[in-house]
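# Understanding the architecture of this molecule
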Amino acid sequence: MPALPTFDCKLITGVVYAATAIGLFKLASMTYSFLSLITSLFLLPPVDFKVYGAKKGAWAVVTGASEGIGQEFAKQLASRGLNIVLISRTQSKLEQIATDIETKYKVQTKVVAADCSKNTPELYALLSRAIEELPVSVLINNVGRSHEGPVPLVETPDEEVENILTINNLFLVKMTKLCIPVIDKAIASKKASRGLIVNVGSFAGLFPTPYLATYSGSKSFLQNFSQALSVELKSQKIDVELVLAYFVTTALSAIRRSSFFIPTPKDFVAATLRNMGRRGGAQDRFATSSPYPSHALLQYVAHNTVGVYSELLANATFKAMKATRAKRLKKLQRQKEAKAE
Ligand SMILES: NC(=O)c1ccc[n+]([C@@H]2O[C@H](COP(=O)([O-])OP(=O)(O)OC[C@H]3O[C@@H](n4cnc5c(N)ncnc54)[C@H](OP(=O)(O)O)[C@@H]3O)[C@@H](O)[C@H]2O)c1
């Protein structure tokens, strides 16, 4: 009879202990980050914007302020007692919102009609003149452009690619550069104890998103940019925060009806300002916030299961994008035929 293999019992026991310890550590860290998520979004009191100069005469600059998420940032920051500079292309829309804000919240406003896709010295000179004499303590880098619809890169018009990268990246970087010395001055003059720069990011930058590759890449750029800058500006008392959103009901998303996972801009911005500087669903990264509760949950689950950079998730997203593209192309074809009749 052949001899039975001998096992090194000590080794096996050691492996079992190590595996159990690793498992327990993973479980403990997941539980800790989930509790931190719940605490940061629901249990801590709302962030007080006095530290950023609210009710002390300080100003907030909001880009893309005439509609959607930007309009809500303008209104809700004004409701906290900040004066507001509103920037977008359409003067008439800006003036209407500025009047509403002044009447309702008794703060001052200034409007600047400018096209952020024009990367010209004149654009930055105009913006610089508009803000350089104001005690600006808050910059909301909100303006953003996406693709007209899901599209393969080779079929994406050059104008679309250039606009996305210019507005989402180049303009944001240059606007930030322009505002930092102005925020420094506001802090030095004691109009605010701290400055705040918010970059509005997207889940498209968190998860690689096929058929929205340029938009996805432009938003993922904001991750490292925001984190690097947050460290750079810490000693200047300027907080930098990347705010991540899944879908929100705006013209950009072309989604009209809100649901559990898709808030209105009003609800999204309320959660963002309430939780400013807190991680929410972005427990794994600093200077980043996933502030809307259902979005936070999505991010937490993705991070702790397949991982945000998993190919599995990218393939599933691609499938969804293909379906959306097919639907969109059919709709465009129907519209074309109706026009031709
Ligand atoms: N909605 C979503 O589901 C979602 C999800 C994740 C992230 N985001 C991000 O949230 C931010 C705001 O998006 P939104 O959904 O609120 O968009 P939106 O409703 O389409 O509003 C865009 C705003 O930007 C202005 N704007 C557009 N192009 C401009 C340009 N070239 N120069 C100056 N202003 C311009 C528009 O006003 P004018 O037309 O008058 O210029 C408008 O005020 C973006 O950065 C977007 O990537 C949105």
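Quantities reported herein were computed from a predicted structural model and do not represent experimental measurements.

It is worth spelling out the UniProt feature "binding site: substrate" (unreviewed entry) in the chain at this point. Residues annotated in UniProt with the feature "binding site: substrate" (unreviewed entry) correspond here to Ser202. Inspection of the secondary structure assignment puts Ser202 in the loop between strand E5 (195-200) and helix H6 (203-206). Not counting residues up to four positions away in its chain, the partners in contact with Ser202 are Tyr215, Lys219, Val243, Leu244 and Ala245. Looking at Ser202, its side chain comes within polar contact range of the main-chain nitrogen of Ala204, at 2.9 Å.

A separate point is the side chain of Glu72. The topology assignment puts Glu72 in helix H2 (residues 68-79). Of the side chains with opposite charge, Lys75 comes closest to the buried, unpaired Glu72, at an N-O distance of 4.6 Å.

Now for a nonpolar patch on the surface. Together, Phe34, Leu35, Leu297 and Val301 make up an exposed nonpolar region whose accessible area comes to about 320 Å². Elements with a contribution of two residues or more to the nonpolar patch: helix H1 (9-43) and helix H9 (293-304). Along the chain, Leu35 falls in helix H1.

Around the ligand sit 31 residues, and of these Ser66, Thr90, Asn142, Tyr215 and Thr250 come closest. Measuring from an oxygen atom of the ligand, one finds a backbone N or O atom of Glu67 at 3.0 Å. A distance of 2.5 Å separates an oxygen atom of the ligand from a polar atom in the side chain of Thr90. Starting from 880 Å² of accessible surface for the ligand in isolation, the protein chains cover 93%. Secondary-structure elements contributing two or more residues to the shell around the ligand are H2 and helix H7 (213-233). Class assignment for the residues of the shell around the ligand results in 14 nonpolar, 12 polar and five charged.

The parallel open sheet is built from seven strands, whose spatial order is E3-E2-E1-E4-E5-E6-E7. A single partner strand is all that each edge strand has here, and the edge strands are strand E3 (109-113) and strand E7 (288-289). Sheet topology places E5 next to strand E6 (residues 238-243); six bridges connect them, and they run parallel. Looking at E6, one finds that Val200 is bridged to Val243. Against the sheet, helix H4 (residues 121-131) contacts strand E1 (59-63), strand E2 (83-88), E3 and strand E4 (136-141), and its axis sits at roughly 175° relative to E3.

Now for the pairing of E2. Here E2 lies mainly inside the structure; six of its six residues are buried. Bridge count for E1 against E2 is five bridges, and the pairing is parallel. Looking at E2, one finds that Val61 is bridged to Val85. Note that the unit made of E1, H2 and E2 has a crossover that is right-handed. Direction of pairing for E2 relative to E3: parallel, over a ladder of five bridges. Its bridge partner lying in E3, Ser88 is registered against Ala113. In terms of handedness, the path from E2 via helix H3 (residues 91-105) over to E3 forms a crossover that is right-handed.

Under the UniProt annotation, the feature "transmembrane region" (unreviewed entry) is placed at residues 15-44. Between the C-alpha atoms that bound residues 15-44 the distance is 41 Å, and the span itself is 97% helix and 0% strand.

Packing of helix H5 (residues 158-188) against H7 brings their axes to within 9 Å, and their N-to-C directions diverge by 15°. Our classification of the angle between H5 and H7 gives roughly parallel. Taken as a pair, H5 and H7 cross one another with a handedness that is right-handed. From H5, Val161, Ile164, Leu165, Asn168, Asn169, Leu172, Val173, Thr176 and Ile180 reach across to H7, where they touch Thr214, Tyr215, Ser218, Lys219, Phe221, Leu222, Phe225, Leu229 and Leu233.

What follows concerns a positive patch on the surface. Where like charges cluster on the molecular surface, the positive patch consists of Arg256, Lys330, Lys331 and Arg334. Tracing the backbone shows Arg256 in the loop between E6 and helix H8 (265-274). With a relative accessible area of 82%, Arg256 lands in the exposed category.

With that settled, the discussion passes to unusual backbone geometry. Backbone geometry at Lys55 places phi at a positive 65°, although glycine is not the residue there. Here Lys55 shows up in the loop between H1 and E1. Despite not being glycine, Lys237 shows a phi value in the positive range, around 65°. Topologically, Lys237 is positioned in the loop between H7 and E6.

What counts, and where the lines are drawn
- Residues numbered from 1 in each chain as written.
- Predicted model: local features only at pLDDT ≥ 70, side-chain atom pairs only at ≥ 80, totals over all residues.
- Heavy atoms only, no water.
- UniProt positions renumbered as here; feature names shortened; annotations may be inferred.
- Helix = DSSP H or I, 4+ residues; strand = E, 2+ residues; numbered from the N terminus.
- Contact = heavy atoms within 4.5 Å.
- Polar contact = N/O pair within 3.5 Å; in protein donor to acceptor, adjacent residues only side chain to side chain.
- Buried < 20%, exposed > 50% of the residue type's maximum accessible area, 1.4 Å probe, protein only.
- Lys, Arg positive; Asp, Glu negative; His and termini not counted.
- Salt bridge = Lys/Arg side-chain N within 4 Å of Asp/Glu carboxyl O.
- Patch = residues over 30% accessible without salt bridge, like charges linked within 9 Å, V, L, I, M, F, W, Y side chains within 5 Å.
- Areas by Shrake-Rupley, 256 points an atom, 1.4 Å probe, with all protein chains shown as cover.
- Near = heavy atom within 4 Å.
- Nonpolar A, V, L, I, M, F, W, Y, C, P; charged D, E, K, R; others polar.
- Pairing = 2+ DSSP bridges.
- Axes fitted to C-alpha atoms, helices over the stretch in contact; angles between N-to-C directions.
- Right-handed = clockwise from strand over helix to strand, strands pointing away.
- Parallel < 35°, antiparallel > 145°, perpendicular 65-115°, else oblique.
- Left-handed = near helix turned anticlockwise from the far one by under 90°.
- Charge placed at Lys NZ, Arg CZ, Asp CG, Glu CD.

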